[in-house]
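# Working through the structure, step by step
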Amino acid sequence: MKKLLICLLSIFVCNFGFSQSADIVTEIIDAPVATYGQVCYLSACDRGLIQDDATYEDAVKTLFEMGEIPESVKADDTINYERVAFYFSKLWKINGGFFFRVTKGSSRYAFRQLRLDGVIPKYIDPNRIPSGADVLNMYTLGDATYNKGGAE
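This write-up is about the structure you can find in this document. Each chain has its residues counted from 1, running along the sequence as written. Selection of residues for local features in this predicted model requires a pLDDT of at least 70, selection of side-chain atom pairs for listing and counting requires 80 or more, and totals for whole chains, interfaces and linings are taken over all residues. For side-chain calculations, the full set of non-hydrogen atoms in the structure is used, while hydrogens and water are omitted.

### Describing the environment of lysine 104
Using the following cut-off: Each helix is a run of H or I in the DSSP string that is no shorter than four residues. Each strand is a run of E no shorter than two, and both are numbered from the N terminus. Partly exposed describes any residue whose relative accessible area lies between the buried limit of under 20% and the exposed limit of over 50%, with all areas from a 1.4 Å probe on protein chains only and scaled to the type maximum.
Looking at the element boundaries, lysine 104 is found in the loop between helix H5 (98-102) and helix H6 (107-116). Classification of lysine 104 by relative accessible area gives exposed; the value is 69%. Linking lysine 104 and lysine 90, residues 14 residues apart in sequence, is a C-alpha distance of 10.0 Å.

Written out as structure tokens, the structure reads:
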């Protein structure tokens, strides 16, 4: 009986500990438009710059301090495909084309490289605003494409 109680308590604690990140992923999936906060959260979390329980504002602040985003950006500002490609290109080792390498992965060439590699659909305009589900699809496809499913 004691072992069962300890096992159930352990499961409860584990579920409570991971519920924050699951709630955020669900929130991103349900978002009709993606925001800087959501993309910065995924980018900063994946790189280990913030904890899973951080807020979108924490993620934006962290990437601002690293010089990746301008000060005027707020967590709830919408983000376009070109900027999403830029932040996601920081997550993976991408052997891009000449201009991608020369510009050190500028947003324009990051978008073009991710589109060329099939992470972003070919018909997408770089200034279009993706939905939260589109952003998570890009993140998953990029991870599978560049990390071969997470194996580095």
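### Observations regarding a negative patch on the surface
Here is the rule we go by: To count toward a patch, a residue needs a relative accessible area over 30% and no salt bridge; like charges are then connected within 9 Å, while nonpolar side chains (Val, Leu, Ile, Met, Phe, Trp, Tyr) are connected within 5 Å. Accessible surface area values rest on a Shrake-Rupley calculation with a 1.4 Å probe, where residue burial reflects the displayed protein chains alone. Put simply, a salt bridge is a Lys or Arg side-chain nitrogen that is within 4 Å of an Asp or Glu carboxyl oxygen. The sign given to each residue is positive for Lys and Arg and negative for Asp and Glu; His and the chain ends receive no count. Positions of charges follow a simple convention, taking NZ of Lys, CZ of Arg, CG of Asp or CD of Glu.
A contiguous patch of negative charge, built from Asp52, Asp53, Glu57, Asp58 and Asp76, is present on the exposed surface. Tracing the backbone shows aspartate 53 in the loop between helix H2 (36-46) and helix H3 (56-65).

### Side note on the nonpolar core
To keep it simple, the criterion reads: Residues belong to one nonpolar core when they are buried, are Ala, Val, Leu, Ile, Met, Phe, Trp, Tyr or Cys, and are joined through side-chain atoms within 4.5 Å. Only heavy atoms matter for contacts: two residues are in contact if any of them lie within 4.5 Å across the pair.
Ranked by size, the top nonpolar core spans 42 residues in total, and within it Tyr41, Tyr87, Phe88, Trp92, Leu114 and Ile120 carry the most contacts. Taken together, the elements giving at least two residues each to this core come down to helix H1 (2-30), H2, H3, helix H4 (81-89), H6 and helix H7 (132-146). In terms of residues, this core owes the most to one element, H2, which gives seven residues. Discounting chain neighbours no more than four positions away, the residues touching isoleucine 120 are Tyr81, Ala85, Phe111, Leu114, Arg115 and Met138.

### A closer look at the packing of aromatic side chains
Spelled out, the test is: A pair of Phe, Tyr and Trp rings is counted when the ring centres sit within 6.5 Å of each other, with Trp represented by its six-membered ring. The angle between the planes then sorts it: under 30 degrees is stacked, over 60 is edge-to-face, the rest tilted.
For the structure on display, the rule yields seven aromatic pairs. Pairing phenylalanine 86 with tyrosine 87 gives two aromatic rings, centres 5.2 Å apart and planes at 70°, and the pair type is edge-to-face. Here phenylalanine 86 and tyrosine 87 have matching classes, each one buried. Pairwise contacts between aromatic rings join Phe88, Trp92, Tyr139 and Tyr146 into one cluster.

### Quick look at the pattern of salt bridges
This structure, assessed with the given rule, holds two salt bridges. Residue glutamate 68 is joined to arginine 47 by a salt bridge in which the shortest nitrogen-to-oxygen separation is 2.9 Å. Remark: arginine 47 occurs in the loop between H2 and H3 and glutamate 68 occurs in the loop between H3 and H4; sequence separation between them is 21 residues. Residue classification places arginine 47 among the partly exposed positions, given a relative accessible area of 26%. Salt-bridge contacts for glutamate 65 lead to lysine 61; the nearest nitrogen and oxygen are separated by 4.0 Å. Linking glutamate 65 with lysine 61, this pair stays in helix H3, spanning four residues, or about one helical turn. On the accessibility criterion, lysine 61 (51% relative accessible area) is exposed.

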